[in-house]
Amino acid sequence: MGHNNALARKFNAASLLRFALPNIAMMMLLSMYTIVDGMFISRFAGTTALSAINMSFPLNCLQMATGIMLGTGGSAIIARRQGEGRTDEARRNFTMLIAVALGIGLIFAVFGNLFLNPILRLLGTSELQWADCRIYTRIQLVFAPMLFLQTAFQILFVTAGKPGLGLLTSVGGGITNVVLDWLFMGPMNMGVAGAAIATCLGYCVPSIVGLVYFTKNRAGSLYFVPFKFDGATLAAACGNGSSEMVSNIANAITTFVFNTLFMRYRGEDGVAAITIAMYFQFVFTAVYFGFSMGVAPVISYKFGEKNIPQLRHIFRICMTFVLACSLGTYVLSWLTLEPALTLFTPRGSSVYEIAMHGFPIYAVSFLLMGTSIFASSLFTALSDGLVSAIISFSRTLVFLVAMLLLLPLILQETGIWLAVPVAEALGVMVSVFFLVKGRKKYQY
């Protein structure tokens, strides 16, 4: 059983990082989709158009959240089944999860377009933003099935022991997106619609490669097989992946609250400024999510085969990596702030000034977020969905929304920027509490 499974081998720091690296690069590339779109849009269509596409970002987060829930929750079950030697069952579960992801994507495409206007009104889109936001969101929704497939495949390529293939398809999708962004928005002058189409065609690359690979390749550990719908496994996958879903839904809710607050204090320019600050956060959280998702199947597998020495060794490597990265990203954000800002908006513009004032406060969160992201992912990998969800839910939703509602009342605009680091600090306390408590139970 073990010989053809990449998860069965003994891992050290170097081999674990090598195994997780494609996933880190992949998640960073996925975060770059949004950022490259933002860069082209603010350059070719202006910062009001940039603020317009951010108004519909909560809807995009909701789709990503559902796809990631199926992928990560399913991955833990599939990897554990493989660790226990139940390979055929793992393949049936895998096929069903992909079918479900495709079905949910179709539901989003149909109902999202039917109720588009009320959805955009609910998200607080202003008159100035309406036309751009509507066309961008409509195109994104049409391609929702492809977004769902891409999200599920990116996670399950790793479970299939093929992180390199996940990375290659991401690179292909990313390059497609960048080239078409430039082509559609520059020479072809298609505006915001061009940006949306470029992004969606980027999604299609991993989706189509995944469908072909898992249909044709019968030599690997995972491929499509006939399956019966298994409600219990689906429910377990959803429960297990719920924390990853929560953190993405929290992104949707907090983006909505940020947008609403900045519209009140600074109008469309404020929304554009927080959009740029969030782009930094996308890249840095991508490192932690990529690493955590990359090592999760290894943790699930070792847990399935009850290999305690390996589990402990892997946990120590992970914590060291996360703490080193936390310091690195914080320093990097300071070094790259000014040049990065000028990619979106000219020096001295209103958007530039708002971001320069708020960003140093916001950046403190980069020191803190890695620990909680890894802790949540660790408990998902150990199939302890509840603890994972509590860590995610408190950090990204409860604390952040509470701080966003409370701090601006005391400190006005500064309070909005300060909400993220304060919420992250509270989140670290919760994570450390569960990490210490979990050591006895899981012996990591």
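Everything below is about the structure shown above.
Small disclaimer: the values here were computed from a predicted structure and weren't measured. (Residues numbered from 1 in each chain as written. Predicted model: local features only at pLDDT ≥ 70, side-chain atom pairs only at ≥ 80, totals over all residues. Heavy atoms only, no water.)

**Student:** When you look at helix H10 (residues 231-240) in this model, what are you seeing that I'm missing?
**Tutor:** For an α-helix the count is 3.6 residues per turn, leaving residues at separations of three or four pointing the same way. Every buried residue of H10 is accounted for by Thr233, Leu234, Ala237 and Asn240. One side of H10 carries all its buried residues, which in axial view fall inside an arc of 135°. What points out from H10, more than 90 degrees from its buried face, is the exposed set Ala232 and Ala235. The inward-facing, buried residues of H10 abut helix H3 (57-83), helix H4 (87-114), helix H11 (242-304), helix H14 (369-381) and helix H15 (385-411). (Buried < 20%, exposed > 50% of the residue type's maximum accessible area, 1.4 Å probe, protein only. Helix = DSSP H or I, 4+ residues; strand = E, 2+ residues; numbered from the N terminus. Arc of directions from axis to C-beta. Contact = heavy atoms within 4.5 Å.)

**Student:** In this structure, what is going on with a nonpolar patch on the surface? I would like to understand it.
**Tutor:** A contiguous nonpolar patch, built from Leu327, Val331, Leu332, Leu335, Val364 and Leu367 and spanning about 510 Å² of accessible area, is present on the exposed surface. Looking at the element boundaries, leucine 335 is found in helix H12 (residues 308-344). On the basis of relative accessibility, which here comes to 62%, the residue leucine 335 falls in the exposed class. (Patch = residues over 30% accessible without salt bridge, like charges linked within 9 Å, V, L, I, M, F, W, Y side chains within 5 Å. Areas by Shrake-Rupley, 256 points an atom, 1.4 Å probe, with all protein chains shown as cover. Salt bridge = Lys/Arg side-chain N within 4 Å of Asp/Glu carboxyl O.)

**Student:** How should I be thinking about H14 in this particular structure?
**Tutor:** With 13 residues, H14 ought to run about 18 Å at 1.5 Å a step, and its terminal C-alpha atoms sit 19 Å apart, in line with that. Downstream of H14 by one or two residues, serine 383 has phi in the positive range, about 60°. (Expected span 1.5 Å × (residues − 1).)

**Student:** Is there a simple way to explain the nonpolar core in this structure?
**Tutor:** Where a protein is soluble and globular, its nonpolar side chains tend to be buried together. Counting residues in each nonpolar core, the largest one holds 108 residues, and the members touching the most others are Phe258, Phe291, Tyr362, Phe374, Phe379 and Tyr444. Examining the composition of this core, we find that 25 residues originate from one element, H11, more than from any other. Here tyrosine 444 is in contact with Leu311, Arg312, Phe315, Leu378, Phe379, Leu382, Phe434, Leu435, Gly438 and Arg439, once residues within four sequence places are set aside. One finds Leu156, Ala160, Leu222 and Phe224 within the second-largest nonpolar core, a separate group that totals 26 residues. (Core = buried A, V, L, I, M, F, W, Y, C linked by side-chain atoms within 4.5 Å.)

**Student:** Mind showing me how you'd approach the pattern of salt bridges here?
**Tutor:** Charged atoms that come close allow side chains of opposite charge to pair. Evaluation of the coordinates by the stated rule reveals nine salt bridges. Note that arginine 81 and glutamate 89 form a salt bridge whose closest N and O atoms lie 3.1 Å from each other. What makes arginine 81 buried here is its relative accessible area of 11%. A salt bridge links glutamate 338 to arginine 347; the shortest N-O distance between them is 4.0 Å.

**Student:** What should I look at first to understand the side chain of glutamate 413 in this one?
**Tutor:** Note that glutamate 413 resides in helix H16 (residues 413-442). Glutamate 413 sits in the buried class, given a relative accessible area of 10%. One polar contact links glutamate 413 to arginine 266, side chain to side chain, over a distance of 2.8 Å. Leave out the neighbours within four places in its chain, and glutamate 413 touches Phe262, Tyr265, Arg266, Ile354 and His357. (Polar contact = N/O pair within 3.5 Å; in protein donor to acceptor, adjacent residues only side chain to side chain.)

**Student:** Looking at this model, I keep getting lost on empty space enclosed by the protein. Mind explaining?
**Tutor:** Empty space among the atoms becomes apparent when a probe as large as a water molecule is rolled across them. Under the definition given, this model contains five cavities of 30 Å³ or more. Within this model, the largest cavity holds a volume of roughly 880 Å³. Lining the largest cavity are 47 residues, and of these Phe57, Cys61, Asn248, Asn251 and Phe282 lie nearest its centre. Considering every element that reaches the lining of the largest cavity, the biggest residue donor is H11, with 17 residues. Among the residues forming the lining of the largest cavity, the class breakdown is 24 nonpolar, 19 polar and four charged. Each pocket or cavity is described by its volume, and for the second largest cavity that value is around 100 Å³. Among the secondary structure elements, those contributing two or more residues to the lining of the second largest cavity are H3, helix H7 (144-159), H11 and H14. For the lining of the second largest cavity, the element with the highest residue contribution is H11, accounting for five residues. Here the lining of the second largest cavity is composed, by residue class, of six nonpolar, six polar and one charged. (1 Å grid on protein atoms, 1.4 Å probe; cavity = no way out; pocket = protein on both sides within 12 Å on 5 of 7 lines; lining within 4 Å. Points joined across faces, edges and corners; volume = space filled by probe spheres on them. Nonpolar A, V, L, I, M, F, W, Y, C, P; charged D, E, K, R; others polar.)

**Student:** I tried to follow the environment of serine 377 on my own but got confused; where do I start?
**Tutor:** Take serine 377: it is sitting in helix H14. With 10 residues separating them along the chain, serine 377 and valine 387 place their C-alpha atoms 10.0 Å apart. Each residue touching serine 377, except ones within four places of it in the same chain, is listed here: Glu244, Ser292, Met293 and Ala296. A polar atom in the side chain of serine 377 sits 3.3 Å from the backbone oxygen of serine 292.

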